[in-house]
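The primary structure of each chain is shown beneath.
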Amino acid sequence: MKTMEQDIRSISDARLWQFRTEASKSFVESARERLTKQLIASAALPERVIEAKHLFDPNALTLGFARRFAAYKRPNMLLHDPERLLRLLTNPQRPVQLILAGKAHPADQTGQAARPGMDTLHSPIGCPLPCDLLSDYDMLLSEYLVQGVDVWINTPGGRGRRVEQAA
């Protein structure tokens, strides 16, 4: 009797890449649709809505960051070195994009303020970066993220002084 490991090992590299490509395309379509709806609901400029329909690339390396926004989880660490982030996200030889998702508890004012401001970052030439924040994080978005993101980013968390002392 074959084990699950044997079944997985019998899948060809080409078939595994096909799974990855299909998942990435599905994720990008979902992210574009969600972001477009989010922008329409927030009365964004029509140009921004149109841009969102083409923002993500299914062939780029996709970095994902999804979690509940709370100050002690330090989501703003992603913005610690904005010049380095800009270099990573604008290198034409190595396309990389960043997808953020999450929300803070409505009563958590500090967590609300901890949401990264990726939608305000722009390159020196005024082009939007290949990154955005998808709000209203839910289980459906989580499913697409798990299947379509190549690399998960995590920030060191902790509570209170321990985080400050570790920094």
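Remember, predicted model here, so these are calculated numbers, not experimental data.

**Q** Which residues make up the overall build of the chain, and what are the values?
**A** Scanning the chain from terminus to terminus reveals seven helices and four strands. Mapped in sequence order, the helices and strands of the chain form the string α-α-α-β-α-β-α-β-α-β-α. The buried share of the chain, taken over its 167 residues, is 36%. In the chain, of all internal contacts separated by at least 6 residues, the share reaching a separation of at least 24 is 77%. Of the roughly 10,800 Å² of accessible surface on the chain, 56% is carried by carbon and sulfur atoms.

**Q** Explain the packing of helix 2 (residues 13-41) against helix 6 (residues 139-148) residue by residue, including any values.
**A** Running from amino to carboxyl end, helix 2 crosses helix 6 at an angle of 145 degrees, the nearest separation of the two axes being 8 Å. Crossing hand, helix 2 versus helix 6: left-handed. Facing helix 2, whose interface residues are Ala23, Ser24, Ser26, Phe27, Ser30 and Arg34, helix 6 presents Leu140, Leu141, Tyr144, Leu145, Gln147 and Gly148. Classifying every residue of the contact of helix 2 with helix 6 gives six nonpolar, five polar and one charged.

**Q** Describe in detail helix 2, supporting the description with residues and values.
**A** The terminal C-alpha atoms of helix 2, which comprises 29 residues, lie 42 Å apart, in line with the 42 Å expected from a rise of 1.5 Å per residue. Phi turns positive, to about 60 degrees, at alanine 43, one or two residues after helix 2.

**Q** Go over the pattern of salt bridges with me, naming the residues and quoting the values.
**A** For the structure on display, the rule yields six salt bridges. The partner of arginine 9 in a salt bridge is glutamate 5, with the nearest N and O atoms 2.9 Å apart. A residue pair is termed a helical-turn pair when its members lie 3 or 4 positions apart in one helix, as arginine 9 and glutamate 5 do in helix 1 (residues 4-9) at four residues. Look at arginine 9 and you get exposed, because its relative accessible area is 66%. Salt-bridge contacts for arginine 20 lead to aspartate 150; the nearest nitrogen and oxygen are separated by 2.7 Å.

**Q** A description of the pairing of strand 1 (residues 61-66) should follow, citing residues and the corresponding values.
**A** Across six bridges, strand 1 lies against strand 2 (residues 96-101) in parallel orientation. Directly across from leucine 63, in strand 2, lies its bridge partner leucine 98. With two bridges joining them, strand 1 and strand 4 (residues 151-152) adopt parallel strand pairing. Bridge pairing in strand 4 places leucine 63 opposite valine 151.

**Q** Tell me what's going on with unusual backbone geometry, and back it up with residues and numbers.
**A** Residues apart from glycine generally show negative phi values, whereas peptide bonds are mostly found in trans. Phi at alanine 43 takes a positive value of approximately 60 degrees, unusual for a residue other than glycine. Judged by its relative accessible area of 66%, alanine 43 is exposed.

Reading the values: rules and limits
- Residues numbered from 1 in each chain as written.
- Predicted model: local features only at pLDDT ≥ 70, side-chain atom pairs only at ≥ 80, totals over all residues.
- Heavy atoms only, no water.
- Helix = DSSP H or I, 4+ residues; strand = E, 2+ residues; numbered from the N terminus.
- Buried < 20%, exposed > 50% of the residue type's maximum accessible area, 1.4 Å probe, protein only.
- Contact = heavy atoms within 4.5 Å.
- Areas by Shrake-Rupley, 256 points an atom, 1.4 Å probe, with all protein chains shown as cover.
- Axes fitted to C-alpha atoms, helices over the stretch in contact; angles between N-to-C directions.
- Left-handed = near helix turned anticlockwise from the far one by under 90°.
- Nonpolar A, V, L, I, M, F, W, Y, C, P; charged D, E, K, R; others polar.
- Expected span 1.5 Å × (residues − 1).
- Salt bridge = Lys/Arg side-chain N within 4 Å of Asp/Glu carboxyl O.
- Pairing = 2+ DSSP bridges.

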